[in-house]
Structures are given as C-alpha cells and as structure tokens.
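Letter by letter, the chains look like this.
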Amino acid sequence: MTHWHLECSACAHTAPGDSLATVCPQCGQPYLVRYDMPVPRLDTIAPRWDMWRYRSIMPLLPEEEPVSLGEGATPMQEIPELARAIGVRRLWVKDEGLNPTASFKARGMSAAVTRAAALKVPGFVVPTAGNAGAALSAYGVAAGLPVRVYAPRTTPKPILDTIAALGADLHLVDGHIGDAGKQARAFAAESGYFDVSTLREPYRIEGKKTMGIEVAEQLGWRLPTHIVYPTGGGTGLIGMWKVFAELRSYGWISANEPLPRMVVAQSAGCAPMVRAFEQGADHATPWENPETYASGLRVPGPLGDRLILRALRESGGFARAVPDDQIRAATARLAKASGIDVCPEGGCAFAAAEQLAAQGAIPADAEVVVFNTGSGASYRF
Ligand SMILES: *Cc1c(COP(=O)(O)O)cnc(C)c1O
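Residues numbered from 1 in each chain as written. Predicted model: local features only at pLDDT ≥ 70, side-chain atom pairs only at ≥ 80, totals over all residues. Heavy atoms only, no water.

A. How the structure looks around the pattern of salt bridges. Applying the stated rule across the entire model yields 23 salt bridges. Here aspartate 169 ties to arginine 148 by a salt bridge, and the two come within 3.4 Å at their closest N and O atoms. Pair noted here: aspartate 169 is in strand 8 (residues 169-173) and arginine 148 is in strand 7 (residues 147-152), with a separation of 21 residues, a long-range link. Arginine 153 is the salt-bridge partner of aspartate 174, the closest N and O atoms lying 2.8 Å from each other. Placement of aspartate 174 in the loop between strand 8 and helix 5 (177-191) and of arginine 153 in the loop between strand 7 and helix 4 (157-165) is noted, with a sequence separation of 21 residues between them. For aspartate 174, a relative accessible area of 59% translates into the label exposed. Here the salt bridges share partners, and the residues they tie into one network are Lys94, Glu96, Arg107 and Glu214. (Salt bridge = Lys/Arg side-chain N within 4 Å of Asp/Glu carboxyl O. Helix = DSSP H or I, 4+ residues; strand = E, 2+ residues; numbered from the N terminus. Buried < 20%, exposed > 50% of the residue type's maximum accessible area, 1.4 Å probe, protein only.)

B. Structural context of the environment of glutamine 326. Its place among the elements puts glutamine 326 in helix 11 (residues 324-338). Among the residues examined, glutamine 326 registers a relative accessible area of 35% and is labelled partly exposed. Separated by 40 residues in the primary sequence, glutamine 326 and proline 286 place their C-alpha atoms 23 Å from one another. With near-sequence residues (within four places) excluded, glutamine 326 lies in contact with Ala351 and Gln355. (Contact = heavy atoms within 4.5 Å.)

C. A look at unusual backbone geometry. You will see that alanine 73, though not glycine, has its phi angle at about 55°, which is positive. Phi is positive for asparagine 289, close to 50°, though the residue is something other than glycine. Tracing the chain through its elements places asparagine 289 in the loop between helix 9 (272-278) and helix 10 (305-315). Classification of asparagine 289 by relative accessible area gives exposed; the value is 65%.

D. Structural detail: the site of the ligand. Taken together, the neighbourhood of the ligand is formed by 17 residues, with Lys105, Tyr229, Gly232, Gly234 and Thr373 sitting nearest. Lysine 105 is positioned such that a nitrogen or oxygen atom in its side chain is 2.8 Å from an oxygen atom of the ligand. Here an oxygen atom of the ligand and a backbone polar atom of glycine 232 are 2.7 Å apart. Relative to its unbound accessible area of 380 Å², the ligand is 96% covered by the protein chains. Considering only residue class, the shell around the ligand consists of four nonpolar, 10 polar and three charged. (Near = heavy atom within 4 Å. Polar contact = N/O pair within 3.5 Å; in protein donor to acceptor, adjacent residues only side chain to side chain. Areas by Shrake-Rupley, 256 points an atom, 1.4 Å probe, with all protein chains shown as cover. Nonpolar A, V, L, I, M, F, W, Y, C, P; charged D, E, K, R; others polar.)

E. Spatial organisation of the nonpolar core. Phe124, Phe244 and Leu247 are the most contacted members of the largest nonpolar core, which has 88 residues in total. No other element matches helix 8 (residues 235-250), which puts eight residues into this core. When residues no more than four places from it in sequence are discounted, the contact partners of leucine 247 are Ile57, Ile213, Ala216, Trp252 and Ile253. Grouped together as the second largest cluster of nonpolar side chains are 30 residues, Ile79, Ile86, Leu91 and Ala357 included. (Core = buried A, V, L, I, M, F, W, Y, C linked by side-chain atoms within 4.5 Å.)

F. Up close: the pairing of strand 11 (residues 261-267). In terms of burial, strand 11 is largely enclosed, as six of its seven residues are buried. In the sheet, strand 11 pairs with strand 12 (residues 318-322) via five bridges, with the strands oriented parallel. Of the residues in strand 12, the one forming a bridge with glutamine 266 is alanine 321. (Pairing = 2+ DSSP bridges.)

G. Structural view of the sheet that holds strand 13 (residues 367-372). Strand order across the open sheet formed by six strands is 4-5-13-10-11-12, with mixed pairing between neighbours. Pairing within the sheet leaves two strands with one partner each, and these edge strands are strand 4 (76-78) and strand 12. Ignoring strand direction, the axes of neighbouring strands in this sheet form an average angle of 25°. Against the sheet, helix 7 (residues 210-218) touches strand 4, strand 5 (90-95), strand 10 (226-230) and strand 13, its axis set at about 135° to strand 5. (Axes fitted to C-alpha atoms, helices over the stretch in contact; angles between N-to-C directions.)

H. Just the packing of aromatic side chains, in detail. If you walk through the whole model with that rule in mind, you get six aromatic pairs. Each member of the aromatic cluster is reached from another via a ring pair, and the members are Phe104, Tyr229 and Phe371. Sitting above the plane of the phenylalanine 104 ring, lysine 208 keeps its charged end 3.6 Å from the centroid. Positioned above the aromatic ring of tyrosine 293, the side-chain terminus of arginine 328 is 3.9 Å from the ring centre. (Phe/Tyr/Trp six-rings, centres within 6.5 Å; stacked < 30°, edge-to-face > 60°. Lys NZ or Arg CZ within 6 Å of the ring centre and 35° of its normal.)

I. How the structure looks around helix 10. Within the span of helix 10, buried status applies to Asp305, Leu307, Ile308, Leu309, Ala311, Leu312 and Ser315. Taken together, the buried residues of helix 10 touch strand 3 (31-35), helix 8, strand 11, helix 9 and strand 12. Phi turns positive one or two residues past the end of helix 10, at glycine 316, with a value near 70°.

J. Spotlight on the environment of methionine 51. Mapped onto the elements of the fold, methionine 51 is located in the loop between strand 3 and strand 4. Separated by 158 residues in sequence, methionine 51 and lysine 209 place their C-alpha atoms 9.6 Å apart. Once you skip the residues sitting within four places of it in the chain, methionine 51 turns out to touch Met58, Glu71, Gly72, Ala73, Arg107, Ser110, Ala111, Gly207, Thr210 and Glu214.

K. Looking closely at the environment of methionine 240. If you trace the backbone, methionine 240 turns up in helix 8. Looking at methionine 240, the relative accessible area reads 0%, which means it is buried. Between the C-alpha atom of methionine 240 and that of alanine 311, which follows or precedes it by 71 residues, the distance is 9.3 Å. For methionine 240, the contacting residues outside a window of four places in its chain are Lys208, Lys209, Met211, Gly212, Ile227, Tyr229, Met262 and Phe371.

Right, here's the structure in full:
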C-alpha cells in the first residue's frame, strides 16, 4: 500500500499509487499525486543533503531507497545590488544549474525513475528539448535500465554530447519537442518502454515541487512574494504551487503567510502560456513556428497548460514574453552580477522580473526569487 493515490487534475477519476500511471483514462488530462498519510512533522526531514531530505512528503515508501544522484539542495543567492537596480526590496537567484547533468530536470527524473523502476519497467523513453534527455540518461544509468531519447536536431550540442556520453540511445528529430513526442509515444507503444514525457506521468512534478520546499526552508519557512519561473512544460511552476498548499496544510509554513505570486517567463518566439493568460483562456492553443535559442522554452503546446493557467490565476500572478535579444542581454547581466553561469532560460526569467518591476506590476517592496534552471555552459558551442 502506498500512502498516496493519483487524482485526475480535471475530472474526479482516481487511481492507486502503485499503478504505472500515465494520464487520466477518462479525460486525457494529467494526474496529480494526493497524499493520504497523517500530517508529517517538520522533524521528519531526513538527514541527507539532496531533495530526498523531504522524502516524508514525497512518493517514496519508508523501506525504499530512491534512485538518486544527489539532486536538489541547490544554493539560493541573494543579490542586493540587482534588487536595487531593478527596484525591488530583495532578489535571490536559485541556481538549478548545479544539479546532476546541469539542470533542474534531475529532480523530476529522479522521482519519476524511482517510481517506474519500482514497478519494473523494462526501460525509459523521453522526447526532450535537451536537458530532460540528459537527466533521464543519467537516472537510467543509476537505475540500471536502458534509455531512449528523441531530441530536435537543433538541440545544443553539449547537451546531445552528455546524452551520448551517458550511453543512451539518441534519436535526432526534424522539428520541435512536439514532433519528438510523437516518435517517443510510437516507440513506447511498440517496446513497452515507459514514457516519462512532461505530465504524461505524475511523478516528475513531485520531484520538481522540492524546489518550492527548498525556497521555503532556505528562507526560514517563509515564502517570497514573487517566484519568476522560465516556463516550458510548466512542471516546476505547477509543482511549486502544489507544494505550497501541501506545506500550509502540514503547518510547515504559517496559514497566515500569503503564498507567492507565480510568474511565467517565456521567449517571445514561443509564448503559448503568455498568450493564453492575456486572453483570459483556460487552456492554450499551440504556438506556430516556435523559435528561440532558449531551447528549454521551445514547448509550443504544453500538456500542463490548464494547470499552469490555474496556478497563475490562483496565485494572482503574471506572464511575460521576452524577445531573444533581451534574453541575451539579461543573461549576460545576471551572470556578471551573480557569478552564476546563467542559462538563457534563467536570463529570460530575470528579464521578465526586471520588466514587471519597471512597470510596477512587481512592487518596490517585493521579495523576488528568480529561477536559473540550467547552466550557460550547455549552450556554448
Ligand atoms: C525544461 C527546462 C525549462 C522549462 O521547464 P518546465 O518545468 O518544463 O517548464 C526551463 N529551463 C531549462 C534550462 C530547462 O531545461
């Protein structure tokens, strides 16, 4: 028996926690993990220095060991000069580039591979804009299971090299991640390999929600007023918004404490979530001809569109599109102010924060966390 079950994010359908879950069989929308255990106390945090220190509020049985490479527990650096420069009270950068294979995809893959390996899948397949494939390749090695990756031919070469170095079976695709997804699903159907595409299984969210727990713990179990997140498939944004409600219900953060406004940052060359948010829609329509060098943001039709929009509305957040030339400038500026080798996606988030602050949408007394989601080194070739 697991101490969690799966619940469809759109209809009432549920499934047991020990089923090899994909999406809701009734409506095709993503499942979310719902916990059934007694309220966990703060002292159930485990004495280890990775995201599994929060194992008591994650999908892991007490007797299980996770498939882990030391993901999470990333630094959150405060940069007072930049806070002053953009006109907010405090500004931090959470540096996810320090994860195994240099992006926060490690968190989601550690959780997803842990659950699927426990259910004895024969192997893993994923379509990727790059970093998810690199992370899955690493966790496949850790689990002792084969991995197949479908990635656009335009994926940054250092990321493709990482996938190959880790021994995964890499297939290059003409087109974007949506095109890669079609081939990955066809291969999964014929091989029985488990498809860990964003939100086609519920556990990558549970890994990525640990970013939200870390932000809270690093601030002394308080939350910032704004979290700016460079959004592709949206897993991290959805996961953090989910876990803030969980932390509140456990009493790990005060019920009086306001939750952060969640802010989506996208490239102007592929901004389906910004467009849907501005139109007041409850779902997004796929972006035609997605073009951006911030490859993690080149996701024209995210499956989690409804959940992203729900998090934005429930949190009172914003969505902002930034042209690639402004992303480049902001990436360089943030790197030189922080000492972090910022990735373009992180630069996009910083640019969105700066622009929203300049317009007064993010107020002068704001406490802002910007996510740098990967490493600039992955994009230099
Ligand atoms: C995947 C990725 C993103 C987008 O993350 P989602 O949680 O899917 O929205 C942003 N930045 C980088 C570097 C990525 O690899």
